[in-house]
Amino acid sequence: MTLSFEILEKDIAGRIGKLSGQGKTVKTPTLLPVINPHLNLITPKEMQEMGVEAVITNAYIFSRSEEYRERALSDGLAKTLDFDGVIMTDSGSFQLSVYGEVEITNAQTIAFQQAIKSDIIVPLDIPTHPDSPREQVEQELSVTMDRIMEAKEIADHEHHTLAGPVQGGLFPDLREETGRKLSEAGFRFCPIGAVVPLMEAYRYAELVKVVMAAKRGLSPAVCVHLFGAGHPSMFALAVAMGCDLFDSAAYALYAKDGRYMTTHGSYHLNELSYLPCPCPVCVGHTAKELNESPDRERLLAMHNLRVSLAEINRVRQAIRDGVLWELVDERCRSHPALLRGYRALLGYNEELTALDRETKRRFFYRGDESCKRTEVLRYHQMVGRLTAGERTLISFSRHIRKKQTEGFDSVFYFKPPFGPFPAELTETFPIGQSEIPDFDEEMIRTGCIGIARLMETNPDSHFTIRCRPVWKDLISQILPTVEVQDEGS
Ligand code: GUN
Ligand code: ZN
């Protein structure tokens with residue numbers, strides 16, 4: 001089966017899409033739970049009932065398993081796992097990164113993954129540790145690229161989708177170049193690899209750097225999988241960058257350690273007196289009962305998976321409504337390391353603005369970070385296309401009488417962090433759909449960028465700003481050539 005990927009809706013660089021082929025469809029963004037046939041805390045069939053449309057399992061484990069190898073080879077994965085959704089298999093690469101070597105070649109794992117009838121197959125890429133020096137990253141990347149191209153030669157593209165993993169360590173140029181090469185070679189399903197150590201160490205700013213670099217090289221038509229991302233607190237951030245798929249064993253690994261996932265972090269069950277979740281497990285147990293249950297691991301895995309799937313749906317809805325920035329902002333305030341990642345992402349606002357959609361359902365100002373959002377940048381670009389009269393008034397107050405505009409050829413109002421707007425734009429996005437609290441310094445500073453832009457593109461106009469006395473000094477400091485008057489006068 002060769003999967004096709006169709007993008008249906010967008011917000012920031014995130015998208016709602018449809019991955020489909022041979023009667024199977026997967027709505028994206030989505031989470032592929034990792035299935036370990038030996039553990040099977042939750043069966044793939046139960047997962048399907050919970051809304052899971054695709055799973056990932058490790059082909060290397062199957063190839064080494066006395067119990068499952070022959071069954072998978074004779075019956076195929078769908079029957080062995082009793083799952084009729086999309087099944088992706090990973091090669092031995094993860095074992096490679098943990099144990100240093102695996103007893104399988106690239107050609108062997110490709111042949112095996114095909115023989116067990118995996119839908120999405122992965123070559124034996126090398127997940128180079130992010131702290132490796134450039135020389136090693138380059139050398140291992142070169143081996144990885146050879147293996148990917150070898151896999152491309154030998155794979156049966158009619159029945160399987162071959163993934164092209166993007167490696168390249170912490171070097172943005174290598175990640176970007178790799179993304180470009182894979183896109184040019186025709187890969188339409190690309191996982192971004194070797195990011196688990198970054199996520200484990202809460203290095204979200206570096207994660208953003210790596211993913212944004214890979215995305216810059218990849219064609220927008222590529223379905224992007226973020227290897228090993230499984231904590232619901234970072235789904236919104238990753239989707240905002242344009243990641244479409246996640247896979248994770250976290251729901252099960254956390255459960256093993258008695259850890260309870262929420263969208264804003266995890267707790268050990270010992271720390272919880274109350275369960276802040278409406279899923280059947282949490283409604284049916286107190287924290288103490290859950291912690292002491294002989295079935296704790298399975299129940300906790302159920303809860304963790306449900307929380308993760310619910311967050312995926314929340315992210316999808318946010319894309320649809322055009323409020324993904326609000327969700328990213330909310331999630332990334334739950335941990336300073338995530339906030340660092342969020343701020344790093346805002347540093348890419350120029351390229352994100354080019355990808356972002358034009359209009360959205362709303363814009364809620366949530367503090368200084370909101371000033372860097374794509375909608376603000378886009379507005380500043382648009383302001384440069386507006387015409388100002390010879391004598392132009394920019395009024396901070398929306399409630400002005402006709403008399404107060406006498407002597408002006410054009411009147412603009414002011415909505416920070418966007419900037420000046422003519423009355424005709426009162427109802428249009430973002431002016432009409434944005435909610436801001438009382439003016440603060442940062443939003444005024446940002447709004448002044450909009451004013452400066454209007455002044456720049458209307459060099460023959462004379463500008464007068466009317467504002468409350470409290471803002472006069474700030475305005476004069478930012479825009480020294482403008483005439484500033486008190487609102488009262
Ligand atoms: N699982 C987590 N990271 C990786 C990676 O970089 N490559 C592969 N194949 N699997 C992974
Ligand atoms: Zn729950």
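To be clear, the structure that these remarks concern was listed above.
Below, the structure is looked at part by part. (Residues numbered from 1 in each chain as written. Chains lettered and ligands numbered in written order. Predicted model: local features only at pLDDT ≥ 70, side-chain atom pairs only at ≥ 80, totals over all residues. Heavy atoms only, no water.)

1. Things to note about the site of ligand 1
As a structural note, the neighbourhood of ligand 1 is formed by Asp90, Ser91, Ser93, Phe94, Val122, Asp125, Pro127, Gln167, Gly193, Ala194, Val196 and Phe227. At a separation of 2.8 Å, an oxygen atom of ligand 1 approaches a polar backbone atom of Ala194. Contact with the protein chains hides 95% of the accessible area of ligand 1, taken as 280 Å² for the molecule alone. Tallied by class, residues from the shell around ligand 1 come to 6 nonpolar, 4 polar and 2 charged. (Near = heavy atom within 4 Å. Polar contact = N/O pair within 3.5 Å; in protein donor to acceptor, adjacent residues only side chain to side chain. Areas by Shrake-Rupley, 256 points an atom, 1.4 Å probe, with all protein chains shown as cover. Nonpolar A, V, L, I, M, F, W, Y, C, P; charged D, E, K, R; others polar.)

2. Side note on the coordination of the zinc ion (ligand 2)
For the zinc ion (ligand 2), the full set of protein donor atoms is Cys277 (SG), Cys279 (SG), Cys282 (SG) and His303 (ND1), at a range of 2.1 to 2.3 Å. Of note, the donors binding the zinc ion (ligand 2) are all from one chain and are spaced C-x1-C-x2-C-x20-H. On the basis of relative accessibility, which here comes to 15%, the residue Cys277 falls in the buried class. (Donors = N, O, S within 2.8 Å, 3.2 Å for Na, K, Ca; no water. Buried < 20%, exposed > 50% of the residue type's maximum accessible area, 1.4 Å probe, protein only.)

3. Details of the packing of helix α10 (residues 204-217) against helix α17 (residues 336-346)
For any two helices packed against each other, the geometry comes down to the angle between their axes and how far apart the axes lie. Across the interface, α10 lies against α17 with an axial gap of 7 Å and an inter-helix angle of 35°. The crossing of α10 and α17 is right-handed. Contacts from Tyr204, Ala205, Val208 and Met212 of α10 reach α17 at Ala337, Leu338, Arg340, Gly341, Ala344 and Leu345. Tallied by class, residues from the contact of α10 with α17 come to 8 nonpolar, 1 polar and 1 charged. (Axes fitted to C-alpha atoms, helices over the stretch in contact; angles between N-to-C directions. Helix = DSSP H or I, 4+ residues; strand = E, 2+ residues; numbered from the N terminus. Left-handed = near helix turned anticlockwise from the far one by under 90°. Contact = heavy atoms within 4.5 Å.)

4. Structural notes on the nonpolar core
The biggest cluster of nonpolar side chains holds 100 residues, and the ones touching the most others in it are Ile42, Leu226, Met234, Phe246, Leu324, Val328 and Leu345. Looking at which element gives the most residues to this core, the answer is helix α15 (residues 296-321), with 11 residues. Those residues within four positions of Leu345 in sequence are excluded, and the remaining contacts are Val208, Met212, Leu237, Ala240, Met241, Trp325 and Leu352. (Core = buried A, V, L, I, M, F, W, Y, C linked by side-chain atoms within 4.5 Å.)

5. Concerning empty space enclosed by the protein
The tally for this structure, following the rule as stated, stands at 1 cavity of 30 Å³ or more. Its boundaries defined by the atoms lining it, the largest cavity holds a volume of some 30 Å³. What lines the largest cavity is simply Leu39, Leu41, Ala252, Leu253, Lys256 and Glu297. Per-element tally for the lining of the largest cavity: the top contributor is helix α12 (residues 250-256), with 3 residues. Here the lining of the largest cavity is composed, by residue class, of 4 nonpolar, no polar and 2 charged. (1 Å grid on protein atoms, 1.4 Å probe; cavity = no way out; pocket = protein on both sides within 12 Å on 5 of 7 lines; lining within 4 Å. Points joined across faces, edges and corners; volume = space filled by probe spheres on them.)

6. Here we look at the state of the cysteines
Counted under the stated rule, the structure contains 0 disulfides. Cysteine Cys371 is unpaired, with the sulfur of Cys448 as its nearest cysteine sulfur at 11 Å. Here Cys371 falls in the buried class, since its relative accessible area comes to 6%. (Disulfide = S-S within 2.5 Å.)

7. Remarks on unusual backbone geometry
At the junction of Thr28 and Pro29, the peptide bond is cis and its omega measures out at -5° in the coordinates. Cis peptide bonds are those with omega within 30 degrees of zero, and the linkage from Phe429 to Pro430 qualifies with 5°. The backbone phi angle of Ala194 is positive, close to 60°, even though this residue is not glycine. One can find Ala194 in the loop between β9 (189-192) and α9 (196-200). Classification of Ala194 as buried rests on a relative accessible area of 12%. Although it is not a glycine, Tyr202 adopts a positive phi angle of roughly 60°. Along the chain, Tyr202 falls in the loop between α9 and α10. The class of Tyr202 is partly exposed, set by a relative accessible area of 42%.

8. A look at helix α8 (residues 172-184)
For α8, built from 13 residues, the straight-helix expectation of 18 Å at 1.5 Å per residue is met to within 8% by its first-to-last C-alpha distance of 18 Å. Residues Leu174, Arg175, Glu176, Thr178, Gly179, Leu182 and Ser183 constitute the buried set of α8. On its buried face, α8 sits against α7 (134-154), β9 and α10. At the C-terminal side of α8, Gly186 shows a positive phi close to 95°. (Expected span 1.5 Å × (residues − 1).)

9. Concerning the side chain of His231
Inspection of the secondary structure assignment puts His231 in the loop between β10 (223-226) and α11 (235-240). Here the side chain of His231 touches Ser266 through a polar contact of 2.7 Å, side chain to side chain.

10. Some thoughts on the sheet that holds strand β19 (residues 462-467)
Across the sheet, 5 strands lie side by side as β17-β16-β15-β19-β20; this open sheet has mixed pairing. Looking at the sheet topology across the chains shown, the edges are occupied by β17 (419-422) and β20 (483-486). The average undirected angle you get between the axes of adjacent strands in this sheet is 30°. Where strand β15 (residues 391-395) lies against strand β16 (residues 410-415), 4 bridges are found, and the strand directions are parallel. (Pairing = 2+ DSSP bridges.)

11. Observations concerning the environment of Asp257
One can find Asp257 in the loop between α12 and β12 (259-262). In this structure Asp257 comes out as partly exposed when scored by relative accessible area, which is 43%. Considered as a pair, Asp257 and Phe171 are 86 residues apart in the sequence and their alpha carbons are 34 Å apart. Once residues lying within four places of it in the same chain are set aside, the contact partners of Asp257 are His268 and Arg296.

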